[in-house]
Amino acid sequence: MTEPGRTVHIVDDDEAIRQSVGFLLRKAGYAVETYPAGTHFLKAVTRETRGCVLLDVRMPDIDGLDVQARLAQSGIALPVIMLTGHGDVTLAVRAIKAGAVEFLEKPFERTALLAAIEAALAQAARSDREHLAAADAVVRLAALTPRERDVLDGMVLGRPNKLIAYDLDIATRTVEVHRANLMEKLSARSLSDVLRIAFAAGLGEMPEPA
């Protein structure tokens, strides 16, 4: 059975495209769901829907760019690959700016389509891992006492124990005790572990990799 994360949702009003691309993708090992219109897709999709979307730009009910916008407004983070038979550069720019992974002109090469799908599914997998990490971090932080959260806030700001103690008007030794306790509750073995958990939960900002 194909994993839900390997599902490709084809949204195109052209039945021939739905059938031919669906056949190609199933042969390549993907699960496939097809929709004849953007409205059909929007009614079916939820935040729990996994995979990626092959989305035709020009459809009679609502166009692909509108579908893409409505997904974003609903908080549905499905990677989008736009399809068009019109070669409209302006539409391509708008789609990419709105977050589309790729923009393919019909007729497209099989290799280009599969490469775009793999890129989209890789993006979806990263997003899933980040959401899981964030949820786990929030649960861990909920176990901390208010004072331990205060100490953690100081750690996130890069403050040494003495400055945290000064800010909170407590002894440095007390900060050390709170720091040891919060690290144990977070199952953190180092300051780096603490910061990764804090950043995943939305405290402070994760620095950009060098």
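Just above sits the structure.
Owing to the predicted nature of the structure, the values given are computational and were not obtained by experimental measurement.

### Here's the deal with the overall build of the protein chain
- Looking only at helices and strands, the protein chain features nine helices and five strands.
- Element order for the protein chain, N to C, with α for helix and β for strand: β-α-β-α-β-α-β-α-β-α-α-α-α-α.
- Since a compact globule built from 210 residues should have a radius of gyration of about 17 Å, the 23 Å found for the protein chain marks it as more spread out than a globular shape.
- Each of the three principal axes of the protein chain carries a C-alpha extent, and together these read 75 × 40 × 35 Å.
- For the protein chain, contacts bridging at least 24 residues in sequence account for 62% of all contacts bridging at least 6.
- Element-wise, carbon and sulfur atoms account for 52% of the exposed surface of the protein chain, whose accessible area totals about 12000 Å².
- Here the protein chain contributes 25 positively and 29 negatively charged side chains, and the mean placements of these two sets differ by 4 Å.

### As for the environment of Lys 162
- Its location among the elements puts Lys 162 in helix 7 (residues 161–168).
- Given a relative accessible area of 66%, Lys 162 falls into the exposed group.
- Measuring from C-alpha to C-alpha, the distance between Lys 162 and Val 45 comes to 52 Å, with 117 residues separating the pair along the chain.

### Section: unusual backbone geometry
- The omega torsion across Lys 106 and Pro 107 is -10°, close enough to zero to call that bond cis.
- Along the polypeptide, Pro 107 turns up in the loop between strand 5 (102–105) and helix 5 (110–141).
- Its identity as a non-glycine residue notwithstanding, Asp 169 has a phi of 60°, on the positive side.
- Tracing the chain through its elements places Asp 169 in the loop between helix 7 and helix 8 (172–185).
- One non-glycine residue, Ser 187, lies in positive phi territory at about 55°.

Thresholds, definitions, all that
Residues numbered from 1 in each chain as written. Predicted model: local features only at pLDDT ≥ 70, side-chain atom pairs only at ≥ 80, totals over all residues. Heavy atoms only, no water. Helix = DSSP H or I, 4+ residues; strand = E, 2+ residues; numbered from the N terminus. Rg over C-alpha atoms; globule rule 2.2 N^0.38 Å. Contact = heavy atoms within 4.5 Å. Areas by Shrake-Rupley, 256 points an atom, 1.4 Å probe, with all protein chains shown as cover. Lys, Arg positive; Asp, Glu negative; His and termini not counted. Charge placed at Lys NZ, Arg CZ, Asp CG, Glu CD. Buried < 20%, exposed > 50% of the residue type's maximum accessible area, 1.4 Å probe, protein only.

Distances and angles like these do not, on their own, reveal function.
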